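# Observations on chain architecture
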Amino acid sequence: MSAGKKQRSSRFTQGMTDALVEAYGKHQYILQSKFSNLVTNEKKKEAWIKVADAVNAVNPAERKTVEQVKKKWEDVTGSVKKKERHARQQELKKLNTTGNGFLADEVSCLMYTGARPSVDILSQSEQEVARILGPEIFTGIPGGQDTMKLSNTSN
């Protein structure tokens, strides 16, 4: 092996991922806030360092950098969004079939009540990520308009 080749880092364990989700939840206000007089770039860096420290406390032999922890958070949230989207698509397919027992207005009501069809397929840690992200990430803002639909109908 050549001296310039980078060695792969070990994978995140489930314990490390759980610690990441818990620590992110504790610092979510700072990490998700827009920059302002109260939330500065320095405070966000400090919060990410605290999250990385929490992850590294699980297994001190496998130290993770702040960049690795941020990347893992992006990967976890992307995975949760994908599973959530798939579960919602499956739920809508069930609701749109003939004779499903639901009326059309009940279908739209289910979509905007924050009902979580994916609870069965998400782990406990992933359910916590979904809670941190908030229902708007998955269902949109209640009463909002889909701009893609508006632009398509004007043609």
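Residues numbered from 1 in each chain as written. Predicted model: local features only at pLDDT ≥ 70, side-chain atom pairs only at ≥ 80, totals over all residues. Heavy atoms only, no water.

The protein carries the name Myb/SANT-like DNA-binding domain-containing protein in an unreviewed UniProt entry, which gives Porites evermanni as its organism.

The next thing to look at is the side chain of Asn 56. Relative to the helices and strands, Asn 56 is located in helix H3 (residues 41-58). Since its relative accessible area comes to 3%, Asn 56 is described here as buried. Within the local environment of Asn 56, its side chain forms a polar contact with the backbone nitrogen of Lys 64, the two atoms lying 2.6 Å apart. (Helix = DSSP H or I, 4+ residues; strand = E, 2+ residues; numbered from the N terminus. Buried < 20%, exposed > 50% of the residue type's maximum accessible area, 1.4 Å probe, protein only. Polar contact = N/O pair within 3.5 Å; in protein donor to acceptor, adjacent residues only side chain to side chain.)

Glancing now at the packing of aromatic side chains. Across all of its chains, the model carries 2 aromatic pairs by this definition. Relative to Trp 73, the ring of Tyr 24 lies with its centre 3.8 Å away and its plane at 15°, an arrangement referred to as stacked. Linking Tyr 24 in helix H1 (residues 14-26) with Trp 73 in helix H4 (residues 66-95), this pair joins segments that are 49 residues apart in sequence. This pair shows no difference in class: Tyr 24 is buried, exactly as Trp 73 is. One aromatic cluster is present, built from ring pairs that chain together Tyr 24, Trp 48 and Trp 73. (Phe/Tyr/Trp six-rings, centres within 6.5 Å; stacked < 30°, edge-to-face > 60°.)

Predicted coordinates in regions of low pLDDT should not be interpreted in detail. Per-residue confidence for the protein averages 77 on the pLDDT scale, and 68% of its residues sit at or above 70. For the protein, helix H5 (residues 104-112) is the element with the lowest average pLDDT, namely 49, and H3 is the one with the highest, namely 94. (pLDDT = per-residue confidence, 0-100.)

Quick look at the packing of H1 against H3 now. Close contact between H1 and H3 brings their axes to 8 Å; oriented N to C, the two are set at 150°. With respect to each other, H1 and H3 are oriented roughly antiparallel. Considering how the two elements wind past one another, H1 and H3 form a crossing that is right-handed. Between H1 and H3, the residues in contact are Gly 15, Met 16, Ala 19, Leu 20, Ala 23 and Tyr 24 and Trp 48, Val 51, Ala 54, Val 55 and Val 58, respectively. The residue makeup of the contact of H1 with H3, split by class, is 10 nonpolar, 1 polar and no charged. (Axes fitted to C-alpha atoms, helices over the stretch in contact; angles between N-to-C directions. Parallel < 35°, antiparallel > 145°, perpendicular 65-115°, else oblique. Left-handed = near helix turned anticlockwise from the far one by under 90°. Contact = heavy atoms within 4.5 Å. Nonpolar A, V, L, I, M, F, W, Y, C, P; charged D, E, K, R; others polar.)

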